[in-house]
Amino acid sequence: MAGPTSGVLTAGGRHRDPAVAFTSLALWLLLALFVVYPLSMLFVRMLTDHGTITTAGLATILTDRHQVRAFWNSLLLATLVGALGTVLGFLFAFTAARGRLPRWLLGIVDASVLLPLVSPPFTTAIAIIFSFGPRGLITYELLGLKGVTVYGLTSTFLSEALTYFPIAYLTLRPILAAIDSNIEGMAFSLGASRWRVFRTVTLPLAIPGLANAFLLLFAASLADFATPLILAGNQFPVLPTQAYLQITGLFDLRGGAALSFALLVPALIVFLLQRYWVSRRFYVTITGKGAGQTPFDSISPAMRNGLLAVCATVALVIVYFYALLLYASLVMALGANHTFTLQHYRTIFTEGTKAIRDTLLIAAFAMPLGGLYGVLVGYLVTKKQFVGRRSMELVSMINYALPGTIVGIAYLIAFNDPPIELTGTALIIVACYIFRYGPTGIRATVALLQQIDKSLEEASQGLGAGSATTFRRVTLPLILPAFFAGLGVVFIRSMTAISATIFLVSIGWTLITVKILENMTELSLGPAAAFSVLVVAIVFVVIAAIGRVLRLFRAPGAMPMTSLLGG
Amino acid sequence: MTHPLLRRMARALALVPLLAFALGCATARAADTVNAYSIWPENWARPMFEEFEKATGIKVNFVRFSSGEALARVIAEKGNPRVDVLFGGPVETFAAGIGEGVFEPYKPPAYATLPPRFKHADGQWIAIADDPLVFMTNDKFLKENNLKAPGSWNDLLNPAYKNMLQMADARTSGTAVTRIFSILEVNGRDETKAFDYMKKLRPNVQLYTKSGGGGTLPVGLGQAGGGIFFIVDALDTKAKGYDVTISFPQEGIGTAAEGIALIKGAKNPELGKKLIDWATSPAMQNQFAKYKINFVPANPAVQVEPSLAAVLKGAKIFAIDADYAGANRKRIVDRWVAEVLNP
């Protein structure tokens, strides 16, 4: 069901539609300016040295033994994170979809799973050091272990898996929920055991979802630089961190750019696999024909308890980590002086007000624009025929697929000098967010539009509605969730992203996440924790509000907002 | 035919440039304002700049970055500088910037009074403070292992410290480079001996951190037993309430100056020069004590604050020879990466 749906709406030479022509032209201009131009400038910068074209030095750095090892380490880490994250996500999704959990319990699971997704960077990593370090609360205080090593592959991998598995959960849950349990019920009544039903019916139907989740996690891990920066230590270098250190430590912009471009290769492969191979293997789940649900217990009570226990344990670990964060924000100095204080909150609401105000302002601007951008591009590339439609879809995804560091550096280089001077403005950060995180909205829109079976639109037109009415009454309610989802994701990322924007903050505009990193390096753990708690609180409130709005438009079967956070 | 919604959306899209303009205007700044990147953390830079404004009426607009990030930005912005002054940070960073041609030589009035190691020969940078290295150890760790605070470089080789030291990574931190040159110095610049020592120290090092102060919190918390840090960071850890001990090796340890520089092509060069004049004079450096900033003043006319002087009393501290360090830095760091970090 992917690709152009040459259905009723697009029939009849609509490419002459002036609104389509104008919108696509405007979008192309924006994409050229904010995606193609910065990357080209970065590329030029990488290949020139004081005005002359040269590749000297690049070969050295790209074939350097440590950098090659970092490259393979990155792939290894991403593979492990993808595997464990997908398994965890599947367990959670399966339990949520088939475990017949009471509503309140499902609410708790959802909230605890959302925490890592909406948190500023570093939070899990820091909590892991506190708990499992050589003098960790758990390893040392509780278990009395000595000489524990916390830095390395294991902790980085576990921290990332815990941070990103919610993506898998949110990707898989709607898919599992959409698998008609009638089919499972039929297999069961034909005499198959529960395990056999799971193995031969449920699992095969979920495989595209599993592959998708794996690739999403793989990409997220590949681009993550904050977690390895804190946890990987010296024995396990990974490429995004190496690129960052090359630029900020050795002042080698060209080398850093070259390392980032090396990351581009696996990132693009994964993206293309995900976009053009996996996403075609989904099944249409919204049809014009309704199907009654027959209750079927696809898991035995013992199994259900086992699953619940696993999920509860993981959820507990997450809740424990965040409780630790909250605690750190409320004591004088974690680990030294555990007197209760509100001093850190006073600090962030006095010295930090500028960062808070700037962050909220920027998020408020980026949010509607990002949502709009996502829906427009998604709608155009799915439902309209115009020149360069496919390339628009691909180009719009580039900033999203690239590691943040490279996007940040590219923006800094491209927009510092005339003709387009944007550094120092809020616009450069807003633009970065829109074009980096707006693609979630594009994908949501595309996915929703593809899920609309032609029969729905045909039925509407067959009943006498014009195509405008059909759009308004049928298509629009279905893409509005995508609009809000896109907007929600842009908001969340505006509050929590750091890898790109650390290069874009300026004298005029700063961000909470940059403050968190700064406090962290200045050993002001209290304010860093207080800022993080604030971010989590704001994001939760906004998500809840968006969820409320979304429910007003919610067409039956449309994806819930949270499921789109994954992409 | 055109869908009304699409038309409306297209119209909204046309608003983008307008918004851009509005946001752009919002960043316009007042006239008597100088812009700076501060490498000093905000809690030290802010009071200094407020004092400067009190003294001169000139406001300092600043944003804080680690030395590497700050220099990377100054270099990226070379064609169109966003700031007038790079404030604070190890002289190391400034030396790297000279090669990129990002600074405008300027010799403030205090230039003549400073000893040679506190200024660049052409005035590309000038020092505002001095920052010796120290050993910092966690009290609880010392007690548990029946150790005294290390008083010699060799004390750190004690197997009791196995996997319990944190110190900075030479690829990213001036602190680390100063440390390595200190080790070279106490070994009479015998590189074989110095690298033997560092290789022997390696098993005791839990983590080489990105930033110079990165290990202070872990040591304060006891996640690490000890490390080698700049005195400002170490005293700051103590001031936060963590139980740590500061000590010096009897063989001696190096110190590094903190600098300031005017950016080439600065939009407000005159105001920038005023900030440099002020920062290199006793007017600023006399304020260190008031705000508990434990740098040693660079200007000889400024007294070292008594409690800081007490810590430093008896410590054998030497300056790192800038010419020797400058000529050998890259080679030594490369060798450190190859032989110590990734053997």
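Rules used in this analysis
Residue positions are given per chain, counted from 1 along the sequence in the order it is written. The lettering of chains begins at A and the numbering of ligands begins at 1, in the order of writing. In keeping with the predicted nature of the model, local features appear solely for residues at pLDDT of at least 70, side-chain atom pairs appear and are counted solely at 80 or more, and the whole-chain, interface and lining totals rest on all residues. Secondary structure counts use DSSP, requiring at least four H or I residues in a row for a helix and at least two E residues in a row for a strand, with both numbered from the N terminus. Three exposure classes are used. Buried residues have 20 or more other C-beta atoms within 10 Å of their own C-beta, exposed residues have 12 or fewer, and partly exposed residues fall in between, all C-beta atoms being placed from the backbone. Contact between residues is assigned whenever the C-beta positions, reconstructed from backbone atoms, fall within 7 Å. The angle between two axes is taken between their N-to-C directions and runs from 0 to 180 degrees, where each axis is a line fitted to C-alpha atoms and a helix contributes only its stretch in contact. Angular relationships are summarised with four words: roughly parallel below 35 degrees, roughly antiparallel beyond 145, roughly perpendicular across 65 to 115, and oblique for the angles in between. Note on residue classes: Ala, Val, Leu, Ile, Met, Phe, Trp, Tyr, Cys and Pro are nonpolar, Asp, Glu, Lys and Arg are charged, and everything else, Gly too, is polar. As a per-residue measure, pLDDT reflects the predictor's confidence and takes values from 0 up to 100. Two strands form a pair only when DSSP identifies at least two bridges running between them. Either an automatic procedure or a domain database provided the assignment from which the domain bounds are taken.

Along chain A, the regular secondary structure elements total 24 helices and 4 strands. Burial statistics for chain A: of 567 residues in total, 55% are counted as buried.

A word on the overall build of chain B. Check the secondary structure of chain B and you find 14 helices and 12 strands. The principal-axis extent of the C-alpha atoms belonging to chain B is close to 80 × 60 × 40 Å. Within chain B, the proportion of its 343 residues that are buried is 50%. When contacts within chain B are restricted to residue pairs at least 6 apart in sequence, long-range pairs at least 24 apart make up 76% of them.

Further remarks concern the packing of helix 7 (residues 174-186) of chain B against helix 14 (residues 322-341) of chain B. Describing two packed helices takes the angle between their axes plus the distance from one axis to the other. Residues and elements named next belong to chain B. Contact geometry for helix 7 and helix 14: axes closest at 11 Å, N-to-C directions at 95 degrees. Between helix 7 and helix 14, the crossing angle belongs to the class labelled roughly perpendicular. Along the contact surface, helix 7 presents Val177, Ile180 and Phe181, while helix 14 presents Ala325, Arg329, Ile332, Val333 and Trp336. By residue class, the composition of the contact of helix 7 with helix 14 is 7 nonpolar, no polar and 1 charged.

With that settled, consider the confidence of the model for chain B. All names here are of chain B. Predicted confidence across chain B gives a mean pLDDT of 87, with 91% of residues reaching 70 or more. Within the model, pLDDT remains below 50 along residues 24-29, and this stretch shows 9 contacts once partners closer than five positions in the same chain are excluded. Both confidence scores are given for the complex: pTM 0.79, ipTM 0.74.

All names here are of chain A. In this fold, Leu325 is placed in helix 13 (residues 301-330). Residue classification places Leu325 among the buried positions, given that 26 C-beta atoms sit within 10 Å. When the C-alpha atoms of Leu325 and Leu272 are compared, they prove to be 38 Å apart, with 53 residues separating the residues in sequence. The residues contacting Leu325, other than those within four sequence positions of it, are Thr123, Ala127, Ala529, Ser532 and Val533.

Residues and elements named next belong to chain B. Burial runs high along strand 10 (residues 253-263): 11 of the 11 residues are buried. One ladder, built from 4 bridges, connects strand 3 (residues 85-90) with strand 10; its direction is antiparallel. Each residue of the ladder has a partner; that of Val85, found in strand 10, is Leu262. Bridge count for strand 5 (residues 126-138) against strand 10 is 6 bridges, and the pairing is antiparallel. Looking at the pairing, Ile126 lines up with Ile260 of strand 10. Looking at chain direction, strand 10 and strand 12 (residues 317-319) are connected through 3 bridges and run parallel. In the strand pairing of strand 12, Ile253 is matched with Ile317.

Let's shift gears to unusual backbone geometry. Residue and element names in this part refer to chain B. For Asn146, which is not glycine, the phi dihedral falls at a positive 55 degrees. Examined against the element boundaries, Asn146 turns out to sit in the loop between helix 6 (139-144) and strand 6 (165-168). One non-glycine residue, Lys292, lies in positive phi territory at about 55 degrees.

Turning our eyes to something else, we now look at the interface of chain B and chain A. Tallying the contact residues gives 62 residues for chain B and 58 residues for chain A. Residue assignment for the side of chain B that touches chain A shows that the elements contributing at least two residues are helix 1 (4-14), helix 2 (16-26), strand 2 (59-64), helix 4 (67-76), strand 7 (205-209) and helix 9 (216-221) of chain B. Sorting elements by how many residues they give to the side of chain B that touches chain A places helix 1 of chain B first, with 7 residues. Its residues assigned to classes, the side of chain B that touches chain A comprises 29 nonpolar, 23 polar and 10 charged.

Quick look at the confidence of the model for chain A now. All names here are of chain A. Per-chain confidence: chain A averages 79 in pLDDT, with 87% of residues scoring 70 or above. Highest mean pLDDT in chain A belongs to helix 18 (residues 426-437) (92); lowest belongs to helix 24 (residues 561-565) (46). Of the regions scoring below 50 in pLDDT, residues 1-15 engages in 27 contacts with residues more than four places distant in sequence or in other chains. Overall, residues 555-567 carries pLDDT values under 50, and its contacts beyond four positions in sequence, including any with other chains, amount to 39 contacts.

All names here are of chain B. Its location among the elements puts Pro249 in the loop between strand 9 (244-247) and strand 10. Classification of Pro249 as buried rests on a count of 22 C-beta atoms within 10 Å. For the pair Pro249 and Arg189, spaced 60 residues apart in sequence, the C-alpha to C-alpha distance is 17 Å. In this view, Pro249 contacts Phe135, Gly151, Ser152 and Trp153; residues no more than four positions away in its chain are not counted.

This next bit is on the domain arrangement of chain B. Residue and element names in this part refer to chain B. By the assigned domains, chain B splits into domain 1 (31-130 + 257-310) and domain 2 (132-255 + 316-341). Where the side of domain 1 that touches domain 2 is concerned, the elements lending two or more residues are helix 4 and helix 5 (91-100). Considering every element that reaches the side of domain 1 that touches domain 2, the biggest residue donor is helix 5, with 3 residues. Residue composition of the side of domain 1 that touches domain 2, by class: 4 nonpolar, 5 polar and 4 charged.

What follows is about the environment of Leu324(A). All names here are of chain A. Within the secondary structure, Leu324 sits in helix 13. As for Leu324 and Ile126, which are separated by 198 residues in sequence, their C-alpha atoms are 9.9 Å apart. If we skip the residues at most four places from it in the chain, Leu324 touches Ala127 and Phe130.

The subject of this paragraph is the pairing of strand 5 of chain B. Within a regular strand, the side chains alternate between the two sheet faces. Residues and elements named next belong to chain B. Counting buried residues along strand 5, 13 of its 13 residues qualify, which places the element largely inside the surrounding structure. In this sheet, strand 11 (residues 296-297) lies alongside strand 5 in antiparallel orientation, the contact comprising 2 bridges. Bridge pairing links Asp130 to Val296 in strand 11. As defined by bridge partners, strand 5 adjoins strand 8 (residues 226-230) across 5 bridges and the pair is classed as antiparallel. Looking at strand 8, one finds that Val134 is bridged to Phe229. Note that strand 5 and strand 9 share 4 bridges and pair antiparallel. When the bridges of strand 9 are listed, Asn138 appears paired with Val244.

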